Amino acid sequence: MESFDYVRQSVELSVSTRRRPVAWRGTGRRVGYAVLRADAPSGDVPGKFRRRVFWIKDYDRSEQPNGTYSQSAPSEAVDPRTVAPGVWGELTERAWGSPLPEA
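Remember, it's a predicted structure, so these values are computed and weren't measured experimentally. (Residues numbered from 1 in each chain as written. Predicted model: local features only at pLDDT ≥ 70, side-chain atom pairs only at ≥ 80, totals over all residues. Heavy atoms only, no water.)

A.B. asks: Any chance you could break down a nonpolar patch on the surface for me, citing the residues and the numbers?
C.D. replies: A surface patch of nonpolar side chains, about 310 Å² in accessible area, is lined by Val11, Leu13 and Trp88. By the element assignment, Val11 lies in strand S1 (residues 7-15). (Patch = residues over 30% accessible without salt bridge, like charges linked within 9 Å, V, L, I, M, F, W, Y side chains within 5 Å. Areas by Shrake-Rupley, 256 points an atom, 1.4 Å probe, with all protein chains shown as cover. Salt bridge = Lys/Arg side-chain N within 4 Å of Asp/Glu carboxyl O. Helix = DSSP H or I, 4+ residues; strand = E, 2+ residues; numbered from the N terminus.)

A.B. asks: How would you explain the sheet that holds strand S4 (residues 77-78) if you had to name every residue and give the values?
C.D. replies: Read from one edge of the open sheet, four strands run S2-S3-S1-S4, paired in antiparallel fashion. Taken across any chain shown, the strands that pair with only one partner, and hence form the sheet edges, are strand S2 (29-33) and S4. The sheet contact formed by S1 and strand S3 (residues 49-56) spans six bridges and is antiparallel. In the sheet register, Val11 faces S3, and the bridge partner there is Arg52. (Pairing = 2+ DSSP bridges.)

A.B. asks: Can you break down the pattern of salt bridges residue by residue, with the values?
C.D. replies: Per the stated rule, a full pass over the model turns up seven salt bridges. The shortest N-O distance in the salt bridge between Asp39 and Arg37 comes to 2.9 Å. In this structure, Arg50 engages Asp44 in a salt bridge whose closest nitrogen and oxygen atoms are separated by 3.2 Å. With relative accessibility at 69%, the residue Asp44 sits in the exposed group. Overlapping salt bridges, with partners in common, bring together Arg8, Asp60 and Glu76 in one network. (Buried < 20%, exposed > 50% of the residue type's maximum accessible area, 1.4 Å probe, protein only.)

A.B. asks: Give me the lowdown on the environment of Ile56, citing residues and values where you can.
C.D. replies: Along the chain, Ile56 turns up in strand S3. Note on Ile56: relative accessible area 2%, which makes it buried. Measuring from C-alpha to C-alpha, the distance between Ile56 and Gly28 comes to 5.5 Å, with 28 residues separating the pair along the chain.

A.B. asks: Describe the layout of surface pockets, naming the residues involved and giving the relevant values.
C.D. replies: Its boundaries defined by the atoms lining it, the largest pocket holds a volume of some 420 Å³. Along the wall of the largest pocket there are 17 residues; nearest its centre are Ala34, Leu36, Arg52, Pro85 and Gly86. With four residues, S3 is the single largest residue contributor to the lining of the largest pocket. (1 Å grid on protein atoms, 1.4 Å probe; cavity = no way out; pocket = protein on both sides within 12 Å on 5 of 7 lines; lining within 4 Å. Points joined across faces, edges and corners; volume = space filled by probe spheres on them.)

This is a description of form; function is not addressed.
Listed below in structure tokens is the structure:
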């Protein structure tokens, strides 16, 4: 996943497994997913887990370097180098493709 400047990060709320691949029904291509500890607690529903999924779309920078996101990134984009167990990914200048806009 680190070969991407950015990936899109989202959460699947009702996954029935801690470690196996997360089913992906969204648009785009899944490029990674969180693997939970064997003893990770379930969420609000017994036996269901919240898992992060990382994905890209056909028109993201990795697929079309001169396309829509050549100098920006989608709202759910994170730099894959900032992703770690229990740590949400962050938007960086690398992920944005240029200096971050002023907040």
